[in-house]
Amino acid sequence: MKKVFERPKSMFPVPTHYCPGCGHGIVHRLLAEVIDEFGIRERVVGVGPVGCSVFIYNYINCDMYEAAHGRAPAIATGCKRMHPDLIVFTYQGDGDLASIGTAEIIHAANRGENITVLFLNNAIYGMTGGQMAPTTILGQKTTTSPLGRSSKREGYPIRIAEMLATLEGATYIARVSVHNPKAIIAAKRALKKAFKIQIEGLGFSLVEFLSQCPTGWGMSSREATKWVEEKMIPCFPLGEFKVPRSEKPVK
Amino acid sequence: MVGKIVINKELCKGCALCVNVCPQKLIAIADEINSKGYHPAEFVDSKGACTGCTLCALTCPEVAIEVFRE
Amino acid sequence: MGEKVLITGNEAIGEAAIKAGCRFFFGYPITPQNKIPEYLSYRLPQVGGCFIQAESEIAAIYMVFGAAGAGARVMTSSSSPGISLKQEGISYIAGAELPCVIVNVMRGGPGLGGILPSQADYFQATKGGGHGGYHMLVLAPSTVQESVDLMTDAFDLADKYRNPVMVLADGYIGQMMEPVEFKERPQKVLPTKNWAIAGAKNRPRNLIRSLYLDPEELEQHNLKLHRKYLEMAKNEVRVETYLTEDAEIIIAAYGTVARIAKTAIKMLRERGIKAGLVRPITVYPFPYETFAKISEKVDNILVVEMSLGQMIEDVKLGVCGKAKVHFYGRTGGMVPTYDEIVTQIEKIVKEEVA
């Protein structure tokens, strides 16, 4: 029998620190697969966030920065401007990107920085123990929205993909999910497209991954993937929100 | 037998997402526990029903499953 | 003698950076340092460099982090409130041991404060304005020419120690014009940056980070940084002593105030009072020894600052009680005049005689 599925080369053969069922492990694998398939491990540079995936550099075998909370796009800008030949990605959670880092992500996109952003939206702050995030959806209970998020008190969940798609500097913006294999296959296609756009120097690309957080949501892994489908996707519709001029977005 | 999978029991954290997606229901959570104290997933395919479709491996957050096919 | 150019301090700082091989600038508008980004916004492209006006001083310092981590000669500049915004980033840069130059053209504070010159950021610059006990090497020019010379040294010192270096000027130095010579400087041999981010080709991958969850590891890391600061204290202290050999009383001042003190000293000497000046050029590492030695020869030291007393604490540490340390300061953008300093000195001398 032939081996048809194995760990991608760019991924260190080590266990992760993520909770059982967490979407980070899946997205890490997709990232490593895309790096392998483009054969760019030796010229790819990652900028990790502060959050559960602060330890991404323990899992992906390439040069990496550890960024201050929210500042990955600025660091990626400095790096990419110094090394335009390198393929630079940032990997950020919703607290990192959609809360403290909103200015950096908006302006990196607006400048059309030729980088790729992987944005993990799990509607909560995982690393610090389950607090409300800007993408926490209405009614969702967290340790800092114990009564369930209400728009009157805590405002509305931020839709980053749609927001950034209004910026002319952004070339490719998509939202995908990793809650089941079908979604994971589509997610990889979008991620590959994002990296291709950077490799071809077409400008800023971002893929928002809806990702389950069983521990933070207080659910089993299976309930969490169901919650993504039934609660998150209606609030954060999947699809391509911005594509290079020559293409039509896939809804 | 067209396909089979190998689950790395030490990497598995027993999240059971693979159990959920296997079309042939060939994966179950084992009674034994691994060194971290998780009940790992276990591949049981007495009738050789596995087609090597890789759905389990795709959904595994720990990249703990390798898939083989004829 | 090279060709002299009449130029503002801000622009001279920008040109000096270019001549020192700096090819990356990330900044943000704030008075009174605006001429630095303005100048570099057209000069850097001329030399194939990269200029970005960031969305905030915070984003700017992290662009510096990114470029420095990739091995670039990179700088940023700002004024007091902007430098406050950068403090977390500077702590990360020190923690990750990245070389860069940060220029602070100080203005009055606190809060929005004012736009006129001040020295009220001394503590922030020398005692570590961000978290975690790091230090920057801090150079304090008092003339436009010295700003140029210190900018060149700043980039070399940053690379030598893999540490952020601050050039601590003030609105006066930044905005006044003086004739300046951009001397050709021999290229220093500096350690290669094999630690830098460049794509892990034919080598293990590099990491630019500052997180050490294991306390023993973080303690070792801090001890490593500490050794660096001790090295700086041993090798990099710079201080000017002016007419101190026969001095009966010493003025301690740095930057713009030191120039004013020199005029006051000239007047005092004409009136028979032999005053001298000790001018720290590095305010970190601070010239404690110079003050220790001088306080064995004089009984009184007058510290003059454009603040209500910050460097005075370091002077006292150096003097260690062996002489009386007096203070005179103007702040908020007010600049002490030489006759105010003369009056203060005469008052001290009179009290001494009585």
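Residues numbered from 1 in each chain as written. Chains lettered and ligands numbered in written order. Predicted model: local features only at pLDDT ≥ 70, side-chain atom pairs only at ≥ 80, totals over all residues. Heavy atoms only, no water.

## What about the overall build of chain C?
- Looking only at helices and strands, chain C features 13 helices and 15 strands.
- The C-alpha atoms of chain C give 21 Å as radius of gyration, which agrees with the globular expectation for 354 residues (20 Å, within 12%).
- Within the span of chain C, comprising 354 residues, buried residues form 60% of the whole.
- Accessible surface, chain C: about 14,100 Å² in total, of which carbon and sulfur atoms supply 56%.
- One finds the centroid of the 39 positive side-chain charges in chain C at a distance of 4 Å from the centroid of its 40 negative side-chain charges. (Helix = DSSP H or I, 4+ residues; strand = E, 2+ residues; numbered from the N terminus. Rg over C-alpha atoms; globule rule 2.2 N^0.38 Å. Buried < 20%, exposed > 50% of the residue type's maximum accessible area, 1.4 Å probe, protein only. Areas by Shrake-Rupley, 256 points an atom, 1.4 Å probe, with all protein chains shown as cover. Lys, Arg positive; Asp, Glu negative; His and termini not counted. Charge placed at Lys NZ, Arg CZ, Asp CG, Glu CD.)

## Section: the overall build of chain A
- If you tally the helices and strands in chain A, you get nine helices and eight strands.
- Here the C-alpha radius of gyration of chain A, 17 Å, is about what a compact globule of 251 residues would show, namely 18 Å.
- With respect to the three principal axes, the spread of C-alpha positions in chain A is 50 × 50 × 35 Å.
- Looking at the 251 residues of chain A, the share that counts as buried comes to 62%.

## Let's talk about the interface of chain A and chain B
- Contacts between the two partners involve 28 residues from chain A and, on the opposite side, 30 residues from chain B.
- The junction of chain A with chain B conceals about 2,400 Å² of combined surface from both sides, 65% of it contributed by carbon and sulfur atoms.
- Applying the counting criterion to the chain A and chain B interface returns one salt bridge.
- Put simply, K3(A) and E66(B) hold a salt bridge, and the shortest N to O gap is 3.1 Å.
- Where chain A meets chain B, there are 11 residue pairs in polar contact (both at pLDDT 80 or more).
- Within the residue set of the side of chain A that touches chain B, elements represented by two or more residues are β1 (2-5), α1 (23-38), α7 (181-199) and α9 (221-235) of chain A. (Contact = heavy atoms within 4.5 Å. Buried area = accessible area lost by both parts, 1.4 Å probe. Salt bridge = Lys/Arg side-chain N within 4 Å of Asp/Glu carboxyl O. Polar contact = N/O pair within 3.5 Å; in protein donor to acceptor, adjacent residues only side chain to side chain.)

## Some details on the sheet that holds β1(A)
- Pairing in this open sheet of three strands is antiparallel, and the strands run β1(A)-β4(B)-β1(B) from one edge to the other. Whereas interior strands pair on both sides, the edge strands pair on one side only; in this sheet they are β1 of chain A together with β1 (3-7) of chain B. On average, adjacent strands in this sheet sit at an angle of 35° to one another, irrespective of strand direction.
- For β1(A) and strand β4 (residues 65-69) of chain B, the ladder comprises three bridges, and the chain directions are antiparallel. Bridged to F5(A) within β4(B) is V67(B). (Pairing = 2+ DSSP bridges. Axes fitted to C-alpha atoms, helices over the stretch in contact; angles between N-to-C directions.)

## Focus on helix α12 (residues 311-319) of chain C
Residue and element names in this part refer to chain C.
- Taken together, the buried positions of α12 are occupied by M311, I312, D314, V315, G318 and V319. Along α12, the residues classed as buried sweep out an arc of 160° about the axis, all on the same side.
- Close packing links the buried residues of α12 with α6 (122-126), β11 (249-252), β12 (275-280), α11 (288-294), β14 (300-305) and β15 (324-329).
- Two residues or fewer past α12, C320 is found with a positive phi of approximately 55°. (Arc of directions from axis to C-beta.)

## A few points about the domain arrangement of chain C
Residues and elements named next belong to chain C.
- If you check the domain split of chain C, you get domain 1 (4-235) and domain 2 (239-353).
- In this structure, domain 1 and domain 2 have C-alpha centres spaced 28 Å apart.
- Across the boundary between the two partners, domain 1 contributes 32 residues, which contact 25 residues of domain 2.
- Between domain 1 and domain 2 the total buried area reaches about 2,300 Å² when both faces are included, carbon and sulfur atoms providing 55% of it.
- In terms of surface lost to domain 2, no three residues of domain 1 exceed Q119, Y122 and F123, which account for 31% of the buried area on that side.
- At the junction of domain 1 with domain 2, the criterion picks out three salt bridges.
- Between domain 1 and domain 2 we count 15 residue pairs in polar contact (both at pLDDT 80 or more) in total.
- Of all elements in the fold, only α6, β6 (137-139), α7 (144-161), β7 (164-170), α8 (171-175) and α9 (215-235) reach the threshold of two or more residues within the side of domain 1 that touches domain 2.
- Residues of the side of domain 1 that touches domain 2, tallied by class, amount to 20 nonpolar, seven polar and five charged. (Domains from an automatic or database assignment. Nonpolar A, V, L, I, M, F, W, Y, C, P; charged D, E, K, R; others polar.)

## Details of empty space enclosed by the protein
- One pass over the full model with this rule turns up two cavities of 30 Å³ or more.
- Its volume calculated, the largest cavity comes out at about 110 Å³.
- Looking at the largest cavity, it is lined by 16 residues, and the ones nearest its centre are C12(B), K13(B), C15(B), C18(B) and C60(B).
- Taken together, the residues that form the lining of the largest cavity break down as 12 nonpolar, two polar and two charged.
- A volume near 30 Å³ is recorded for the second largest cavity.
- Every residue along the wall of the second largest cavity is listed here: A72(C), R73(C), V74(C), P99(C), C100(C), F155(C), A158(C), D159(C) and K193(C).
- With three residues, the single largest contributor to the lining of the second largest cavity is α7(C).
- Of the residues contributing to the lining of the second largest cavity, the split by class is six nonpolar, no polar and three charged. (1 Å grid on protein atoms, 1.4 Å probe; cavity = no way out; pocket = protein on both sides within 12 Å on 5 of 7 lines; lining within 4 Å. Points joined across faces, edges and corners; volume = space filled by probe spheres on them.)

## So, the interface of chain C and chain A
- Contacts between the two partners involve 35 residues from chain C and, on the opposite side, 34 residues from chain A.
- Carbon and sulfur atoms make up 61% of the surface buried where chain C meets chain A, a total of about 2,600 Å² over both sides.
- Here chain C and chain A share three salt bridges between them.
- Here D63(A) makes a salt bridge to R203(C), at a shortest N to O gap of 2.5 Å.

## Topic: the state of the cysteines
- All told, the structure shown has zero disulfides over all chains when counted by the stated rule.
- Considering cysteine sulfurs only, C15(B) is the nearest to C60(B), which forms no disulfide, with 6.3 Å between them.
- When its relative accessible area of 9% is taken as the criterion, C60(B) is described as buried.
- For C50(C), which is in no disulfide, the shortest distance to another cysteine sulfur is to C22(C) and amounts to 10 Å. (Disulfide = S-S within 2.5 Å.)

## Here's the deal with the side chain of N122(A)
Residue and element names in this part refer to chain A.
- With respect to the helices, strands and loops of the structure, N122 is situated in the loop between β5 (116-121) and α5 (151-154).
- On the basis of relative accessibility, which here comes to 7%, the residue N122 falls in the buried class.
- Excluding residues within four positions of it along the chain, N122 makes contact with D94, S211, C213, W217 and M232.

## A few points about the layout of surface pockets
- Its boundaries defined by the atoms lining it, the largest pocket holds a volume of some 640 Å³.
- Lining the largest pocket are 36 residues; nearest its centre among them are V50(A), V54(A), E66(A), Y92(C) and L211(C).
- Ranked by residue count, the leading element in the lining of the largest pocket is α9(C), at four residues.
- Its residues assigned to classes, the lining of the largest pocket comprises 16 nonpolar, 17 polar and three charged.

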